[in-house]
Each structure stands twice: as structure tokens, then as C-alpha cells.
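# Chain and residue survey
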Number of protein chains: 2
Amino acid sequence: MTMIWMAKLRAGGMNYSTPTDIAEDPMTLLAVENSDIVAAAKRLNGELFSTRLIESPALNDKYGGRVLFKPECLQRTGSFKFRGAYNRISQMTADERKRGIVAFSSGNHAQGVASSAQLFGIKAVIIMPFDAPQLKIANTKSYGAEVVLYDRYKESREAIASVYINDRGMILVPPYDDPAIIAGQGTIGLELVDEAEERGIEFDDVYVPSGGGGLISGISVAVKARSPKTRIWGAEPENFDDLRRSLIAGTQIANEPGHHSICDAILTPQPGDLTFPINRQNLAGGIAVSDKAVAAAMRDAATFLKVVVEPGGCVALAAIANRQTDLAGKTVAVVLSGGNVDLAIYSGLIAAA
Amino acid sequence: MTMIWMAKLRAGGMNYSTPTDIAEDPMTLLAVENSDIVAAAKRLNGELFSTRLIESPALNDKYGGRVLFKPECLQRTGSFKFRGAYNRISQMTADERKRGIVAFSSGNHAQGVASSAQLFGIKAVIIMPFDAPQLKIANTKSYGAEVVLYDRYKESREAIASVYINDRGMILVPPYDDPAIIAGQGTIGLELVDEAEERGIEFDDVYVPSGGGGLISGISVAVKARSPKTRIWGAEPENFDDLRRSLIAGTQIANEPGHHSICDAILTPQPGDLTFPINRQNLAGGIAVSDKAVAAAMRDAATFLKVVVEPGGCVALAAIANRQTDLAGKTVAVVLSGGNVDLAIYSGLIAAA
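Residues numbered from 1 in each chain as written. Chains lettered and ligands numbered in written order. Predicted model: local features only at pLDDT ≥ 70, side-chain atom pairs only at ≥ 80, totals over all residues. Heavy atoms only, no water.

## Some thoughts on the packing of aromatic side chains
Residue and element names in this part refer to chain A. Going through the model one piece at a time under the given rule, you end up with 6 aromatic pairs over all chains. With 5.4 Å between their ring centres and 35° between their planes, Phe82 and Tyr86 make a pair best called tilted. Of the two residues, Phe82 and Tyr86 are both situated in helix H5 (residues 81-89); the distance of 4 residues between them amounts to about one turn of the helix. With 6.4 Å between their ring centres and 15° between their planes, Tyr207 and Trp233 make a pair best called stacked. One end of the pair, Tyr207, is in strand S6 (residues 205-209); the other, Trp233, is in strand S7 (residues 231-237), with 26 residues separating them in the sequence. When sorted by exposure, Tyr207 lands in the same class as Trp233, which is buried. Taken together, the ring pairs in this structure connect Phe82, Tyr86 and Phe120 into an aromatic cluster. (Phe/Tyr/Trp six-rings, centres within 6.5 Å; stacked < 30°, edge-to-face > 60°. Helix = DSSP H or I, 4+ residues; strand = E, 2+ residues; numbered from the N terminus. Buried < 20%, exposed > 50% of the residue type's maximum accessible area, 1.4 Å probe, protein only.)

## Comments concerning the interface of chain A and chain B
Many analyses report the size of an interface as the accessible area lost when the parts associate. Taken together, the contacts link 23 residues of chain A with 23 residues of chain B. Buried surface at the junction of chain A and chain B, both sides included, amounts to about 2200 Å², of which 70% is carbon and sulfur. When the buried area of chain A at its contact with chain B is split by residue, Leu74, Lys306 and Leu343 of chain A rank highest and sum to 28% of it. On inspection of chain A and its partner chain B, the count reaches 0 salt bridges. At the level of secondary structure, the elements contributing two or more residues to the side of chain A that touches chain B comprise helix H14 (291-305) and helix H16 (343-351) of chain A. (Contact = heavy atoms within 4.5 Å. Buried area = accessible area lost by both parts, 1.4 Å probe. Salt bridge = Lys/Arg side-chain N within 4 Å of Asp/Glu carboxyl O.)

## So, the domain arrangement of chain A
Residue and element names in this part refer to chain A. Along its sequence, chain A is carved into domain 1 (2-80 + 178-352) and domain 2 (81-172). Summarising the inter-unit geometry, the C-alpha centres of domain 1 and domain 2 are found 22 Å apart. Tallying the contact residues gives 30 residues for domain 1 and 25 residues for domain 2. Together, the buried faces of domain 1 and domain 2 total about 2500 Å²; carbon and sulfur atoms form 52% of this surface. (Domains from an automatic or database assignment.)

Written as C-alpha cells, this is what we have:
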């Protein structure tokens, strides 16, 4: 099943089937299976930084349940995005590697792709909005990638990318709607259930940030395969809660334009064509959180867990903080998905009480 | 050898031999051996949070060598101090446990003792300066300890402690000059050499913050036992570089009074009577760093490693940043010893460029 999608993606670039096609075609209902994630974990073996679960007794008291945090802010490149990018690029043919890769991203996927390309010695062009966090742009360049900046309000990143894809024959590495990307991010789910077994616990709930849904869909496949009773919840910024509303509607719904959020990493227009069918099957629901709740969650992460989490990486922590009565007697996992934030912004957010 | 010191400590409280006595008595030259640290690791097994080494390719580029960080800010209670306190308290007799424990500390030892006492169900009284970081006071109380605040400029903490020790029969848990405390902190050294072996590397140098010297002396014993060529360096704030100057002089030298530093956790008056003989034998030297260098190091830790490190916990990172030409071609370890810092202070330090 994965190979069908891989072939489609390679042939068609970003021109996927419509959601309706996917929903009505049982053969393509799920682009990723647990075996794909197990295979991804083998490819990533030795390349990942350790992100074992962290916990704070004081936070457990504060939230009224046992909360174990997956600190992907400590992952190579400062976010989970390295997992999917590396898994995707490691499967490229020698010819594809010669042609080089192109990606567009506001920053975390950019760094994951650039770092993976550097490890494989592949040329990478990354198309980033000029107003992306400075740290994300600087880090992407530091991995040796060519960064092309564009104006996200006036220019089309797809049009810019098409020059590299169509004219120069470079390979697009999509940020989430790709089975190899989803499977790579899903290795977090494997690690969650592995560590739960090791500790003799089972998660009642797992809370995961969601932009395009690659992270949460991959995690859901891995967790549901071994812990089917565990509920998976998506967390999103207010007004960017396309996943939450799409889950309720049962079909992909786009966000209304014109809104703003501090969560730059996960401001995706609508659920992915590959990720949504998985999420519709596996998720318990979505939770929308305010920027104010996100900033409070970032403060809790710094105060109690001693980790720097970027706004978009902290929405799942914000989600449980807002639903604390639900945690009584429960053991839950919360994914802190990234930590790439400019210190000028970060210090302001954590200073405000 | 350990037992001799334990007996002395139990009998005499803080009245140790003079430095000269220790230096001239070969039987007491080293209060802790590697076997004590191995035994401490067994006692701590299952109680510690994982603090596997973290690394940033970008920081390696910046510093010109390979730097692996031991993030003890992620340790239970937010600093390494839990290790020594737990190791000490776990060896108390049933009678001693009934009597309860007392400790004085500006905050990290306080939390380590309070948390360990809570795990063993022992009453703990912690004597803290009223101007200690608010987070440290609040956390210590959250572990169930009774906190007694005092004015460090007008009152004697020893006099306050003596009420609990002499009148009420409570047991003092010293912050560093105790073989069980040193051995507990030394488990970090064991983990360093274990993880180096696992990764197939050997550390040229290990950089460790030093206040009273319990952490660095314990680490030095464990590291030297298995990797004798590795050099161990102590890092201290400027004007509180008693270890550096004592190592040069070959005898304990106290700091001049009247100075200030942001590194509240490690402003100890002079090297410990048990720790200094170990450090004199094992250390390569000391490095003094300015508050400004410490703040810059805290920014690097947040930007590249995504961890919140308190000022005193970041002096070893500041030390390598100031000596970057020394790192060419080397692999070194840097201990980030704690992360308990008030966010109002922290945000100000990382915001200033």
C-alpha cells in the first residue's frame, strides 16, 4: 500500500487524489501501516538523538494526573521533523540523490530535510518565508542547504518550487503528505509504547500537536497497533483548528484565512490528503488552544521540565493544562514537538505572567 | 575508608579535621573510592531520571570541537543534587530515619534532600536564605519539607541548624563534605564513562561546575578510575574561584567576602575538607568565568540544546566558550548541573544580547 502512494507521489508531485477519492477507495484508506513505521525505526537507528520521556512530580500535582513528556525539542535539528525527512531521503535512489531535493517549510521541516541531506551528501534547496524565525533560517543554512526566501503574502511557494522540480528535476520532499514522512514521524509512537512497556504503564491518552497531521497520524498508527485503547488527541492553535473541525465534520475542512497565531510551525491550511484518513480513523478528537494558553504552557515547560519549547511545539501541553480535570487518575503522554524559537520572542513569552 | 568518614561525620557534625590534618594523613587522603560510586549507582537505580548526553552539531561548529552535554537540569528535582542526597539518606538506619533530617542550602541541595526524604517518608527541615530563588523555595516546600528561612547577612545557618541537630536529635545531611554525598554525585561520572564506551569515544576533557566540590570530586573519581587520561576541569564564577586558586596553591584558600555573582547555586566560601584532597589529586585545574559569559552560555544552551540551565549550572559551558581554541579535534563532556531559575531572572538573562 505504501508503494502505491510512493509511486503516486513520485509521479505526480503534490497532485494527490481528492479527499473524496481517498475516502471511497478502501485500498488507499491508510497510507501507512505499523510495519512501515517499524522499518523507518530501523533506518533511523543510530541517527536519532535520545528523547526519553521526562516527568515532573510538581507538574503531575498541578495537572492532577501523571504526565510523561516526549521532548522532541531535544531531537536532532530541534524538532521531530528530522525523523520523517531522514526516512524519506534514505529511500531515494542513487539517481534521485544526484538530482537533489527541494522542500518548502517555515522552518522545522526545513532543518530536518537540510540536516538529512547533509548526512547523505545530497544538494538541498529549501524555500522558506522571509519572516520565518531567524533561528530556523540560520540553522537551515548551517546544515549546508541553499535557502530561497519568499514573501508568503505575495508569492506562491509552489510556483517557486516548480522551477526546481520541473526545470531542474529535483525531488520534492513534502512536509507531511507522504507515506515515508508519516512513517518517520510515527517512530515517536513506537518509542512511546516501547517506553511505556518498559515502565509497566499504559497511556490512557496521548496528546500531539497537529499542523498538516503527519506527526499525529504516524504516532496514531504506531500507538494504536500495540495499545488500541489509548486515545489520541490532536492539539492546534485557535482559528487553525482545521483538524478538530474536520474530525467533527468527517471530511477535510480548511481554516478561514486572516487569522494570526504565535504557533508558526503548525499553521497549515487544512488536513493532509494522506494524513486525514488516518487521523479520522484513529483520533479521539481535537483541542484548540489560545496563544495565551500556549505561552503559559511554555512557562510550565521551562519551570518544571527545564526544556525550551517553541509555541507550536507546546500546544499539546497547553491542551492538557486547559483540561486538567480530565487527568484525574490517568497516565498520559504529551509530545513537545520542537524547540526552535528566537530567544527574543521566547524570553518575552516566558517573562509575561 | 568511607565508613571512617561516615562515623566522623555522624559523631562530629560539621567539625571536620583541618585541611592540614587531612593532607598529612594518607588514610584519609581520599574519602571516596570508585567502588563507593558503583554502590551508590545501585542504590539510585530506578530512582534517577535519564540524563543521557545531548549534543548540537551547530554548537560543535561554534566551539570548534565535539562537545557532549550531561543535562542534569533534567534530573529529578532539576539538578544533580538528588543523587547525593538520596544516596546518603538511603543508608540511614531506622533510628536515624525516625529522628528526621536537617539540611541548609540555597536551593538545589534543599530540593534533593526534600525529595529524597519524601520518597523515604522521613521528616525534613531545610534551612534556606530568604533571598534564595523563589522557585527553589517553592519546590522544596512542594516535596513536603519544612522550610526555615534565615537572613544570610545577619544570621548563622549553623546556629539555626544546631537547634535541630543538638536539641531535637535530627541528622544533618551536608551539601558536599560527606562521602555518601560525594559518591552519589559521582554516579554522573559513571554514566559519562558508560555512555562514552557505548558510543566508542573517550573524553579528552570533562568540565564541571564547582561550588563546594562534591560534584566534581565524585565525577573525578569515577572518570579517572576508567579513563585516567581524561582531564577534569572545575568551573567557577569570578571572585568565587576558590577551587582554582586552591589547586594552584596546593591548599584550601577561601574566597574574599563582599563579591556578588548570579551563580547562586555555587557561591561556597572555600573548598570542602573531604572534596579538596580528591580534587587536588584528580583535577587538571580551574577556570573562572564572568557573569556575562555565564549569561551567554545560558543563551547558547537555550538556542542550541533547548534546555533551561540556571546560572550556576552553566559555568562549565561558559568555561569552554571562553577557551574555544582548546577544543580543536577534541571530544569533551560538559556538565550542565541544574536548571532551577526563576523565569523572571531567566528571561532577562537570555533576552540581553
